[in-house]
Amino acid sequence: MGFSAFRIIKEGLTGNRGWTPHWRDPEPKAQYDIVIVGGGGHGLSTAYYLAREFGITNVAVLEKGWLASGNVARNTTIVRSNYMLPGNEPFYEFSLKLWEGLEQDFNYNAMMSQRGIVNLYHSDGQRDAFARRGNAMHLAGAGAVLLDRDGIRQLCPFLNFDNSRFPIHGGLWQPRGGTARHDAVAWGYARGADRRGVDIIQNCEVTGFRIENGRCIAVETTRGPIRAKKVGVCVAGSSGRVMAMAGMRLPIESQVLQAFVTEGLKPIIPGVVTFGVGHFYISQSDKGGLVFGGDLDGYNTYAQRGNLQLVNDVIEAGMTMMPMIGRARVLRSWGGLVDMSMDGSPFIDRTHIDGLYFNGGWCYGGFKATPASGFCYAHLLAKDEPHSVARAYRLDRYRTGALIDEEATGPNPNLH
Amino acid sequence: MIINHPLLGPRDAAEFTYLGDACLIERPDPEAENAIEVFHDYVYLRDNPAGEHRELWFHEHGDRSWLVVTRNTLTHEISKVELARDVALSRGRGI
């Protein structure tokens, strides 16, 4: 049953009694063509595109908790494609194009709001670096505008332009960036996959892989073994833990990224603004809360919470960039686990075990990648060859030297 | 987090910077036949355990010593703190 304006009016007039659950709650079958491990944003979008683009519907998505209970519920909902390197930028631009058509495509209101993203610069050198990045974005068709101080003043008059240490000289603006409603993205993909026949199985934790003669033939779960021709792992944040069950060590550390939201305020921040000195970024949700965050805590952890030191750092950076934030009251803070890879870029690849595929290493940027990650992973699972925009996301790129190191900080996951 | 420094007593983790898994002390032999393969694993691959983890912390805003901290990555509880120097020496590594 589809959503439409007519339907909403009709339901409104008839007591909203016609709405039905958005997806089934099926028992796992003994065998599937493809089993996706992980029912978060990326796992659900993979299942959706497997069914929608590649016609493979004998698919199960296994989720250890409830649907979309991990990082897709814990991010800061930013959508953008302002990367620079050739291995990354076409992928993220492909993702942004999918975002732009997503709501029509899966008939669900994901509250996609392209209010723009601006990265501030504070020195001549930083301006030059941003001009270069903007040119790289143009090459990928992403579009970018290099704004001077007056341009930023028109966009965000509330910033602290004349900070004696870090004056704002301008910013790189991607008008097509913005935010989307994170939960609705997961729900829309889940509903779209379910309607095409995908089984979404919650409360079903994978406890092992059955590997015979170098081939993965089944997963062991808390609800019994499930055989599959192909198994796609998609559990960023817990990748190390899950792939260890297949005997693999990964170029990944699990770390925590904190985020914060204030009480609801009247509209003040247009789109997303990021600070160019201390790490700080902020947007305003449709409910009015200021949503912001900063750096990683910077150590290995599987606890979904961080330490006070980072809270201090983030708030200090926020006060430096826009002192008026000092009048807002923080309602909540939380932490999400992120797969920090050794060059800050993700993986969508086969493993050395036949029939076992890996998607992870999304660092702190997985949300914006949700559509393209699912699309490219579905492409790989369906055709056994990488999608053209995800060719660089190989697990062996450290061995071959083909790193994608946007921040140029080397194999130090907490610095990316 | 409070790190109980073997020389200086309890110190706030904010005084430290973090490097990663303490296996980085075990630098492989660059002259070995398979050095490229072994160095790839050494530089890039991690156990990344959920539970007890031995890791290197640098007391940047303190005495600038390297510590090997044994910490639970599920609870952040620290069970042991050693000077990395002592650990390296006990493993037969020079300084």
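Computed from a predicted model, the values in this text were never measured in an experiment. (Residues numbered from 1 in each chain as written. Chains lettered and ligands numbered in written order. Predicted model: local features only at pLDDT ≥ 70, side-chain atom pairs only at ≥ 80, totals over all residues.)

## Some points on the overall build of chain A
Then step 1. Helix and strand counts for chain A come out as 10 helices and 18 strands.
Then step 2. Taking 416 residues into account, the globule formula puts the C-alpha radius of gyration at 22 Å, and chain A, at 21 Å, falls close to it.
Then step 3. With the principal axes as the frame, chain A shows a C-alpha extent of 65 × 60 × 40 Å.
Then step 4. Taken across its 416 residues, chain A has 52% of its residues classed as buried. (Helix = DSSP H or I, 4+ residues; strand = E, 2+ residues; numbered from the N terminus. Rg over C-alpha atoms; globule rule 2.2 N^0.38 Å. Buried ≥ 20, exposed ≤ 12 C-beta atoms within 10 Å, placed from the backbone.)

## Description of the overall build of chain B
Then step 1. Broken down by element type, chain B carries two helices and six strands.
Then step 2. Taken from the N to the C terminus, the helices and strands of chain B come in the order β-β-β-α-β-β-β-α.
Then step 3. The principal-axis extents of the C-alpha atoms in chain B amount to approximately 45 × 30 × 20 Å.
Then step 4. Taking all 95 residues of chain B together, 20% fall into the buried category.
Then step 5. Summarising the internal contacts of chain B: among those between residues at least 6 apart in sequence, 49% fall at separations of at least 24. (Contact = placed C-beta atoms within 7 Å.)

## Observations regarding the environment of V277 of chain A
Residue and element names in this part refer to chain A.
Then step 1. On the secondary structure map, V277 appears in the loop between β13 (272-274) and β14 (280-284).
Then step 2. Residue V277 is classed as partly exposed on the basis of its 17 C-beta neighbours within 10 Å.
Then step 3. Once the C-alpha coordinates of V277 and E63 are considered, the two residues, 214 residues apart in sequence, prove to be 39 Å apart.
Then step 4. Once residues lying within four places of it in the same chain are set aside, the contact partners of V277 are H122 and F166.

## Observations regarding the domain arrangement of chain A
Residues and elements named next belong to chain A.
Then step 1. Looking at chain A, the domain boundaries give domain 1 (22-78 + 182-251 + 343-415) and domain 2 (113-177 + 253-341).
Then step 2. Facing the 24 residues of domain 1 at the interface are 20 residues of domain 2.
Then step 3. When its residues are assigned to classes, the side of domain 1 that touches domain 2 shows nine nonpolar, 13 polar and two charged. (Domains from an automatic or database assignment. Nonpolar A, V, L, I, M, F, W, Y, C, P; charged D, E, K, R; others polar.)

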